[in-house]
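Chain and residue survey
Here are the chains, one letter per residue:
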Amino acid sequence: MNQPPTEGAQAVAEDVVQLIMNDHREFERLFAELKSSPERRAGLVPVLTTLLAAHSRAEEAEVYPVAATEGGNPDDVAHSQEEHIAADQLLARLAETDPDDAAFEEVLDELVEAITHHLEEEESTVLPHMRQSLSEQRLMELGQAFLSSRKEHLGDQPEDITKAELLQQASNAEITVSRGASKAQVATKLRREAEKAMEEEGE
């Protein structure tokens, strides 16, 4: 006989680490569907891009600053943020590529490889560190903040990012930008720094 959900089960459902991992599994499901069902790509790409954008903005605003300070894990957070910046560029490329174009498969493969790598790293560094360092109550609070932020961004695409959100990315990644820099200048600086970091990692 099935038992009713306990308070503990509800707590797990709202735990920020579990919520993030649930999103990760959904991304993997969408990747598999995009690869196996070419006829559905035109409809699936906007779903993927908006879910990834909403997830990333929520992590950057609510989770990464806490993971870096209260979790005491700034280096791994900075690296994860750099991977988000690189992923935003790949998402934009995918959205701009005709699903029937031969280049689509190449861009999709590059995106899937980059994001899969990011998910694996985040689940082996940032998330376990948060689980160890933060109380259950704090993880629950972050879960609610993450859900609220993600909801606000559902429907956004990567190009909808604001200057304030770009500056949050810079802070998370420990990248210094000029105070008077324009949104375009901040975006360019972040892109270049992220690309440089990714190249160094690949060496």
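Summary of the structure given here. (Residues numbered from 1 in each chain as written. Predicted model: local features only at pLDDT ≥ 70, side-chain atom pairs only at ≥ 80, totals over all residues. Heavy atoms only, no water.)

1. Structural notes on unusual backbone geometry
Non-glycine residue glutamate 174 carries a positive phi angle of around 60°. Looking at the element boundaries, glutamate 174 is found in the loop between helix H8 (163–172) and helix H9 (183–202). You can call glutamate 174 exposed: its relative accessible area is 51%. (Helix = DSSP H or I, 4+ residues; strand = E, 2+ residues; numbered from the N terminus. Buried < 20%, exposed > 50% of the residue type's maximum accessible area, 1.4 Å probe, protein only.)

2. Considerations on helix H6 (residues 126–133)
Of the residues making up H6, those classed as buried are Val126, Leu127 and Met130. Down the axis of H6, the smallest arc covering the buried residues is 95°, so these residues share one side. On its buried face, H6 sits against helix H2 (16–36), helix H3 (41–69), helix H4 (74–96), helix H5 (102–124) and helix H7 (136–153). (Arc of directions from axis to C-beta. Contact = heavy atoms within 4.5 Å.)

3. Description of the pattern of salt bridges
A complete count under the given rule lists 14 salt bridges for this structure. The partner of aspartate 23 in a salt bridge is arginine 150, and the shortest N-O contact between them spans 2.4 Å. Of the two residues, aspartate 23 sits in helix H2 while arginine 150 sits in helix H7, which places them 127 residues apart along the sequence. Accessibility expressed as a relative area gives 21% for arginine 150, which makes it partly exposed. With its nearest N and O atoms 2.8 Å apart, the salt bridge here joins arginine 29 to glutamate 26. You can see arginine 29 and its partner glutamate 26 sitting in helix H2, three residues apart, about one turn around the helix. Within the structure, one salt-bridge network assembled from shared partners comprises Glu26, Arg29, Glu33 and Arg40. (Salt bridge = Lys/Arg side-chain N within 4 Å of Asp/Glu carboxyl O.)

4. Remarks on the nonpolar core
With 19 residues, the main nonpolar core has Leu48, Leu94, Leu111 and Ile115 as its most contacted residues. Residue assignment for this core shows that the elements contributing at least two residues are H2, H3, H4 and H5. With seven residues, H5 is the single largest residue contributor to this core. The residues touching leucine 111, leaving out its near neighbours within four places in the chain, are Leu48, Ala87, Leu90, Leu91 and Leu94. By size, the runner-up hydrophobic cluster in this structure holds 17 residues, among which are Leu19, Ile20, Val63 and Val66. (Core = buried A, V, L, I, M, F, W, Y, C linked by side-chain atoms within 4.5 Å.)

5. Some words on empty space enclosed by the protein
Per the stated rule, a full pass over the model turns up one cavity of 30 Å³ or more. A volume near 30 Å³ is recorded for the largest cavity. Around the largest cavity sit Arg57, His153, Asp156, Gln157, Pro158, Asp160, Ile161 and Glu165, which together line it. By residue class, the composition of the lining of the largest cavity is two nonpolar, two polar and four charged. (1 Å grid on protein atoms, 1.4 Å probe; cavity = no way out; pocket = protein on both sides within 12 Å on 5 of 7 lines; lining within 4 Å. Points joined across faces, edges and corners; volume = space filled by probe spheres on them. Nonpolar A, V, L, I, M, F, W, Y, C, P; charged D, E, K, R; others polar.)

6. Side note on the packing of H3 against H5
The interhelical angle for the contact between H3 and H5, taken along N-to-C directions, is 30°, at an axis separation of 14 Å. With respect to their mutual orientation, H3 and H5 come out roughly parallel. Considering the relative orientation of H3 and H5, their crossing is left-handed. Where H3 abuts H5, its residues Arg41, Val45, Leu48, Leu52, Glu59 and Tyr64 lie against Phe104, Glu105, Leu108, Leu111, Ile115, His118 and Glu122. Class assignment for the residues of the contact of H3 with H5 results in eight nonpolar, one polar and four charged. (Axes fitted to C-alpha atoms, helices over the stretch in contact; angles between N-to-C directions. Parallel < 35°, antiparallel > 145°, perpendicular 65-115°, else oblique. Left-handed = near helix turned anticlockwise from the far one by under 90°.)

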